[in-house]
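# Chain and residue survey
What follows is each chain in one-letter form.
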Amino acid sequence: MIRSDLTPPNYLNEYHTTMKSLNEYERSRNQDSLLSSNISTAEKSKMVNMVADLRHKDGDFLKKYAQNFNNDIQKGNQPKLPTYNNQQVSTSDMSFALAESLQYLYSGESPLSEYYDWVQDQRKIEVDINTNGTTEEEIFNRNNFISFLDDRETELKLVISLYSTAERSSSGPFKEITQQRLNFLNFKLNELRRLRERTQQTKNHSDEKEQNLKEGIVKTANLINDHVTDSYLQNQIIAQELETAVEKVHPNYMPETKNINDIYEKKLRLYNNNISMSRKINELRGINTVPVSYSVKPKTISRPRGFSMYEYQRVAKEYS
């Protein structure tokens, strides 16, 4: 079932405006035959033949020639103009003939029918995307249609520029027809942009791709969560190992004393630890130290200056 957002409240107004503009174009187009009565047979024959000659040219050659011609006009340079019946063609006539030829090349016999095709194609793409899921093929058609309208906008701008040159530099019988062509093409260009924008607002990926994206996001989140969890557990293990190491070191550093020999050994161990720590601190401060041989007799070891509780107790014991 088609979603209701495909027919917004302003859609009918857009449709009404579109039909009004197209009706005006049809009326002006039907007047071309009446305007032709103001054109001499020679002028009309000349233009018909010029357009026919250009239409028989290679398409790529015609596009390049028209683009170079228009570039010269935009830069203020005099473009190279051909001759017809030994007479040089005017800039306005050449611009009009090129614009008419490109119209046939790009739009076929009916520029209006091409516009109707745009509307139908855009509508079908929008309905397909929003009905019964969205496939890769429907997304491909969407993107291809947007790309096509991008190219058609470039082509339309060139045709409009050529008609504008013909309209500005002409005071002849084709001026009014040129104005009618411009009115319709400007409307068509605006409609092209509206249809392209409407298509761009549809989904740009299939249901399958959308599901893959969601699964990818979930997978990434799970990987991050697993990494955080592993890091936390690893930190916990390291903390436990440190605690265990401290528990193992402490009894050895301060063993339980059971007799007088244990007390003496503990004092000696504390003294040696103190000496080792002092030497380590000096090394860290960049002070060279000479290794010494530790003896059971602590009085043979050189001590740094300062108060030592062990020395005080040892001397007090010797002289008590």
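Predicted model, so just to flag it, every value in this text is computed and none were measured.

Thresholds, definitions, all that
- Residues numbered from 1 in each chain as written.
- Predicted model: local features only at pLDDT ≥ 70, side-chain atom pairs only at ≥ 80, totals over all residues.
- Heavy atoms only, no water.
- Core = buried A, V, L, I, M, F, W, Y, C linked by side-chain atoms within 4.5 Å.
- Buried < 20%, exposed > 50% of the residue type's maximum accessible area, 1.4 Å probe, protein only.
- Helix = DSSP H or I, 4+ residues; strand = E, 2+ residues; numbered from the N terminus.
- Contact = heavy atoms within 4.5 Å.
- Axes fitted to C-alpha atoms, helices over the stretch in contact; angles between N-to-C directions.
- Parallel < 35°, antiparallel > 145°, perpendicular 65-115°, else oblique.
- Left-handed = near helix turned anticlockwise from the far one by under 90°.
- Nonpolar A, V, L, I, M, F, W, Y, C, P; charged D, E, K, R; others polar.
- Salt bridge = Lys/Arg side-chain N within 4 Å of Asp/Glu carboxyl O.
- Expected span 1.5 Å × (residues − 1).
- Phe/Tyr/Trp six-rings, centres within 6.5 Å; stacked < 30°, edge-to-face > 60°.
- Lys NZ or Arg CZ within 6 Å of the ring centre and 35° of its normal.

### Describing the nonpolar core
Formed by 43 residues in total, the largest nonpolar core has its most connected members in Met94, Leu98, Leu102 and Leu162. Where this core is concerned, the elements lending two or more residues are α3 (41–55), α4 (59–74), α5 (91–107), α6 (111–129), α7 (136–168) and α8 (175–200). Element by element, the count of residues in this core is highest for α7, at 10 residues. Contact partners of Leu98, with chain neighbours within four places excluded, come to Leu54, Leu62, Tyr65, Ala66, Phe69 and Leu162.

### A look at the packing of α3 against α5
Packed helix pairs are specified by the crossing angle of their axes together with the interaxial distance, meaning the distance between the axes. Between α3 and α5, the shortest axis-to-axis distance is 9 Å and the interhelical angle comes to 50°. Regarding the angle of α3 to α5, the classification is oblique. For the pair α3 and α5, the crossing hand works out as right-handed. Only Asp93, Met94, Phe96, Ala97, Leu98, Glu100, Ser101 and Tyr104 of α5 make contact with α3, whose side of the interface consists of Lys46, Met47, Met50, Val51, Leu54 and Arg55. Considered class by class, the residues forming the contact of α3 with α5 number nine nonpolar, one polar and four charged.

### Regarding the pattern of salt bridges
Applying the stated criterion across every chain, the model contains 12 salt bridges. Measuring nitrogen to oxygen at the nearest pair gives 2.8 Å for the salt bridge that ties Arg196 to Asp150. Of this pair, Arg196 sits in helix α8 while Asp150 sits in helix α7, and the two are 46 residues apart along the sequence. Look at Arg196 and you get buried, because its relative accessible area is 13%. Classification of Asp150 as partly exposed rests on a relative accessible area of 34%. Ionic pairing is found between Arg193 and Glu153, a salt bridge with its closest N-O pair at 2.9 Å. Separated by 40 residues along the polypeptide, Arg193 in helix α8 and Glu153 in helix α7 bring together distant segments of the chain.

### Quick notes on α6
In an α-helix, one full turn covers 3.6 residues, which means residues spaced three or four apart are oriented alike. Across its 19 residues, α6 extends 27 Å between first and last C-alpha, which sits within 8% of the 27 Å expected from 1.5 Å per residue. By the burial criterion, the buried members of α6 are Pro111, Leu112, Glu114, Tyr115, Trp118, Gln122, Ile125, Glu126, Val127 and Ile129.

### A closer look at the packing of aromatic side chains
Under the defined criterion, the tally for this structure stands at five aromatic pairs. Seen in terms of ring centroids, Tyr115 and Tyr116 are 6.0 Å apart; in terms of plane orientation they differ by 45°. Their pairing is tilted. According to the relative accessible area criterion, Tyr115 is buried, its value standing at 1%. Measuring from centroid to centroid gives 6.3 Å for Phe184 and Phe187, while their planes differ by 40°, and the two rings are tilted. Here the residue Phe184 and the residue Phe187 both occupy positions in helix α8, the gap between them amounting to three residues, near one helical turn. Neither Phe184 nor Phe187 differs from the other in exposure class; each is buried. Directly above the ring of Tyr104 sits Arg55, whose terminal nitrogen or CZ lies 4.0 Å from the centroid. Between Lys188 and the ring centre of Trp118, over which it is positioned, the NZ or CZ distance is 5.1 Å.

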